[in-house]
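Structure assessment
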There are 2 protein chains.
Amino acid sequence: MTYGTVTAGVVAELRAIVGEKSVWIDEERLETYAHDETSAEEYAHAPEAVVLPTTTEHVAAIVRLANHHHIPITPRGAGSGLSGGAIPVFGGILISLERMDKLIDLDLDNMTITAEAGMVTNDLAHTVAEHGLFFAGYPMSVETCQIGGNIAENAGGGKAVKYGVTGRYVMGLELVTPTGDVVWLGGKLAKDVSGYDLKQLVIGSEGTLGIVTQAIIKLTAYPKAASDLLVLFESPRAAIDLVPRMLRQGIVPTGIEFMDRLSFQTSCEYLNETLPSENAGAMLLIEVDGNDPAAVEADLLAIGDLCEKHGAIEVYVAEDRNAVERVWAVRRNIAEAFKVASPVQSLEDIVVPVASIPDVIPELERLAATYGMQIPCYGHAGDGNLHATLVKDPAMDDATWLRNKDACLRELYHFVQGLGGKISGEHGIGLKRKKYLPDVTNPVEIDLMRAIKRAWDPNLIMNPGKVFELDAGP
Amino acid sequence: MTYGTVTAGVVAELRAIVGEKSVWIDEERLETYAHDETSAEEYAHAPEAVVLPTTTEHVAAIVRLANHHHIPITPRGAGSGLSGGAIPVFGGILISLERMDKLIDLDLDNMTITAEAGMVTNDLAHTVAEHGLFFAGYPMSVETCQIGGNIAENAGGGKAVKYGVTGRYVMGLELVTPTGDVVWLGGKLAKDVSGYDLKQLVIGSEGTLGIVTQAIIKLTAYPKAASDLLVLFESPRAAIDLVPRMLRQGIVPTGIEFMDRLSFQTSCEYLNETLPSENAGAMLLIEVDGNDPAAVEADLLAIGDLCEKHGAIEVYVAEDRNAVERVWAVRRNIAEAFKVASPVQSLEDIVVPVASIPDVIPELERLAATYGMQIPCYGHAGDGNLHATLVKDPAMDDATWLRNKDACLRELYHFVQGLGGKISGEHGIGLKRKKYLPDVTNPVEIDLMRAIKRAWDPNLIMNPGKVFELDAGP
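Residues numbered from 1 in each chain as written. Chains lettered and ligands numbered in written order. Predicted model: local features only at pLDDT ≥ 70, side-chain atom pairs only at ≥ 80, totals over all residues. Heavy atoms only, no water.

Here we come to the pattern of salt bridges. One pass over the full model with this rule turns up 58 salt bridges over all chains. Among the salt bridges present, the one from D383(B) reaches K191(A), with a minimum N-O distance of 2.9 Å. With one member in each of two chains, D383(B) in the loop between β18 (377–380) and β19 (385–391) and K191(A) in the loop between β9 (182–186) and α7 (198–202) form a pair that bridges those chains. By the burial criterion, D383(B) is buried, and K191(A) matches it. Residue K392(B) is joined to D398(B) by a salt bridge in which the shortest nitrogen-to-oxygen separation is 3.9 Å. For D398(B), a relative accessible area of 55% translates into the label exposed. Where salt bridges share partners, they join D406(A), R410(A), K435(A) and D439(A) into one cluster. (Salt bridge = Lys/Arg side-chain N within 4 Å of Asp/Glu carboxyl O. Helix = DSSP H or I, 4+ residues; strand = E, 2+ residues; numbered from the N terminus. Buried < 20%, exposed > 50% of the residue type's maximum accessible area, 1.4 Å probe, protein only.)

Here is the structure:
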């Protein structure tokens, strides 16, 4: 596979499409778009040009141009991804959706919002909150991420136990296909079997099957009551053991978030925040919501009782929205805090059946001891989705770290596979996990994915180098 | 496209795979498998052989054999489909999953059940009900349909307003691909972005992308309280107008079912049942559920008040489970009752944004008058999914009926498209709506579907003649 390059002629063609000032080729700006939020410099790669379209027609014209010249395209939202999905590994044209951030339609009768893909998720959240509505599938990076990126990664969030992830709320999307056609998939419909569910195929395909330019998001009425518990445990095992036990009670919390000591401490230091945490080796942050305050209260009491009966050191009820927001800020900022405190690391995203999460903790402890690294862990315990983070010991030399990290990940991924789990629950395969996917995936499944990719993108220009290799296989 | 035929040699090969008694070629039995529940003899077509595998390996071996000889395969569950999806239009081999009905695993810790595709949905429901659990995505044909068919059609049901349709509850499935490979897609996972969401692509693909042989179904704890209202209105318009108004209140009923007078009367006669219905031109059947009886009661009262304020003639609360079941039986049996009372008809399945359903009723009235037919209507009003049924006037000659039906459907479908709707919400395109899909679908979307079909099924043997034509296009 050899790709064309962005020549001066191509730059002129791009400028003819989007205008002089919306094509950047200066090195400093290109360097800014060489990264996403994935740690590790090894993944960085600058594009040859950054293009900032403002309409779907711009995007389609750029894609047709790229097909003509066989130039790779990398779509990019906020660059808040954690698997290198927005890194232009083959150079070429990076299409940033950041200027396509307009509200198209807020439809209160159908409880939907239609927005361009570059709208920041928090802006969407604020727009609909004024009407007592919310987008239940938003991810932890809500302050910076964009709707298009949420869709490309099928992002999860802190409310997924009860509400599910992004994909459940995407009712329709406008796609620029890898050959530059424009098509709306889905609509403001509660159900639809008029042909294949291509919309759902695009969701989570990490920008390899086209560029989402607009989306219709289903909104949910804000629950009238919500309450949060912060529960302290002596050890991660004690905290995690309780999670499947809690779900078996028939109570469905909005979310059950887990943080081990190193995780919450690192985030607290980063935020200059304190949480009650004496003797705590781990915490669960549990939210319950509903329309009936008495029912929410009753659920919360039942959960609190269960925790106290099964090894909790302390159960705190977050007294007001300010206290709740402070605890959630600690949880949301762990990834960022670790990036600052331990820049040489690998943030993982394993997901297992929720009844199996207690098995994961001792394995992480074993792997940490075997490979001479710390592996703090936090994440969406109620979804079986844990962000174990491999952290390099400063005393370890770089070559050993890279070797050990690789061996440790392979062991971890095989262990997860043995539990019926997968290597990514919400961050995606992207660039970072591409080489590991075949280790833990039936080759038939990868061949089926490749077949779709080749059928939709015959020139293989759409976000190449992500998810799976294309040179091998049919 | 020319297909191979089922020669004596092929029959011998099939018998070598599944055993002598599991391959049927006698005419009487073949005739039984020439139909599904779609009315209209015009669709009937017998297979050349019916094969009844009992294992996934059987299914895979049959598919490999069919590929070798280029023989078309039609997968079939209970044959309860309403779009001709299980009719073997090109003859060939019909694979009936009816003997693959085993329970594989009931996992109470993860709240999942794994079953073979041929398990009757009601059998699954009864198995899990003993544990206080239910499969929230079951369709109206629950008494006869099978899990595999539910998945092939992404079936809807009476609880979709609150709980969504089948696809939301399918966590994993075992697929025999069109080339005879076996692969598990998904798993007991709350979230998963480890590659494309092929599982969701297969759901609703009407057996054209492979044969589902097993599935993992997510279970939900049975709500502790549920209550039903039967609300009578003077006219269909009065009933339907209330539906978007109700949803805007922020109450989420389990389901909002609509029946016009001809629909409930026909079903009552068929069942020899009576419902309170004096002067009623239409009814809404509204269910609310939850864990808190007081909250359910409060929601029901609020809905009842709203109905009375906006034109309801009468609001009945179904007093006990027996009364509730009687009303639901009337609703569930409308399709069957119409088939008996008016065998020459076309049962439709349009879906529109829920705020637009009031616009549908006057259009149906206009079309009925224009084309000289009755168009009774019922369905899942809370999902925007209405089963308008075109019924032939006995006085109309057959040729006029066929011409008028075709013209009426084209007008209806264009009207639905204009509202942002689709021509099938839960029954599928199948054979019956295939010729209409291109009328109301962006050709780019159909080309994307075709590209997947060709990439996965190079010999085009898997349920050919359904959803879209393959001779045209790329």
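Read on, since the account is not over.
Turning our eyes to something else, we now look at helix α13 (residues 357–371) of chain B. All names here are of chain B. Between its terminal C-alpha atoms α13 stretches 21 Å, which fits the 21 Å expected from 15 residues at 1.5 Å a residue. Every buried residue of α13 is accounted for by I357, P358, V360, I361, E363, L364, L367, A368 and Y371. Residues of α13 that are buried sit in contact with α8 (236–248), β13 (255–260), β17 (350–351), β18, β19 and α14 (398–418). Two residues or fewer after α13 comes G372, characterised by a positive phi angle close to 65 degrees. (Expected span 1.5 Å × (residues − 1). Contact = heavy atoms within 4.5 Å.)

The next point concerns unusual backbone geometry. A positive phi angle is found at E206(A), which is not glycine, with a value near 55 degrees. Phi at N463(B) is positive, roughly 45 degrees, even though this residue is not glycine. Mapped onto the secondary structure, N463(B) falls in the segment after α15 (443–456).

The subject of this paragraph is the sheet that holds strand β2 (residues 49–51) of chain B. All names here are of chain B. Ordered in space as β1-β2-β4-β3, the four strands form an open sheet in which the pairing is mixed. Strands with a single pairing partner mark the edges of an open sheet, and in this sheet they are β1 (23–24) and β3 (73–76). Pairing geometry for β1 and β2, over two bridges, is antiparallel. Residue V23 lies in a different strand from β2, and its bridge partner there is V51. This element, helix α3 (residues 56–69), spans β2, β3 and β4 (93–96) of the sheet and lies at about 170 degrees to β4. (Pairing = 2+ DSSP bridges. Axes fitted to C-alpha atoms, helices over the stretch in contact; angles between N-to-C directions.)

Next up on the list: the relation of the copies chain B and chain A. Between the two chain copies there is a screw-like relation: a rotation about an axis and a shift along it. It takes a turn of 180 degrees to lay chain B on chain A, together with a shift of 0.0 Å along the axis; the resulting RMSD is 0.0 Å. The two molecules are tied by a two-fold rotation axis, judged by turn and shift. With an isologous cut-off of 70% or more, the 100% of interface residues of chain B that recur at the interface of chain A puts this contact in the isologous class. (Least-squares fit on C-alpha atoms with pLDDT ≥ 70 in both.)

Our next topic: the sheet that holds strand β8 (residues 170–176) of chain B. Residues and elements named next belong to chain B. If you walk across this open sheet you meet the five strands as β5-β6-β10-β8-β9, and the pairing is antiparallel. The sheet is open, and its two edges are formed by β5 (103–107) and β9 (182–186), each paired on a single side. Adjacent strand axes in the sheet meet at a mean angle of 10 degrees, parallel and antiparallel pairs treated alike. Strand direction decides the pairing type here: β8 and β9, joined by five bridges, are antiparallel. Note that in β9 the partner of L175 across the bridge is V183.

This paragraph deals with the packing of aromatic side chains. Each aromatic ring pair is specified by the distance between its two centres and by the angle formed by the two planes. All names here are of chain A. The full count for this structure, using the stated rule, is 16 aromatic pairs over all chains. Measuring from centroid to centroid gives 5.3 Å for Y3 and F90, while their planes differ by 65 degrees, and the two rings are edge-to-face. In this pair, Y3 is assigned in the segment before α1 (8–18) and F90 in the loop between β3 (73–76) and β4 (93–96), connecting sequence segments 87 residues apart. In this structure F90 comes out as partly exposed when scored by relative accessible area, which is 44%. Connected via pairs of aromatic rings, a cluster forms that spans F134, Y163 and Y222. One cation-aromatic arrangement involves R29 over W24; the distance from NZ or CZ to the ring centre is 3.9 Å. (Phe/Tyr/Trp six-rings, centres within 6.5 Å; stacked < 30°, edge-to-face > 60°. Lys NZ or Arg CZ within 6 Å of the ring centre and 35° of its normal.)

Distances and angles like these do not, on their own, reveal function.
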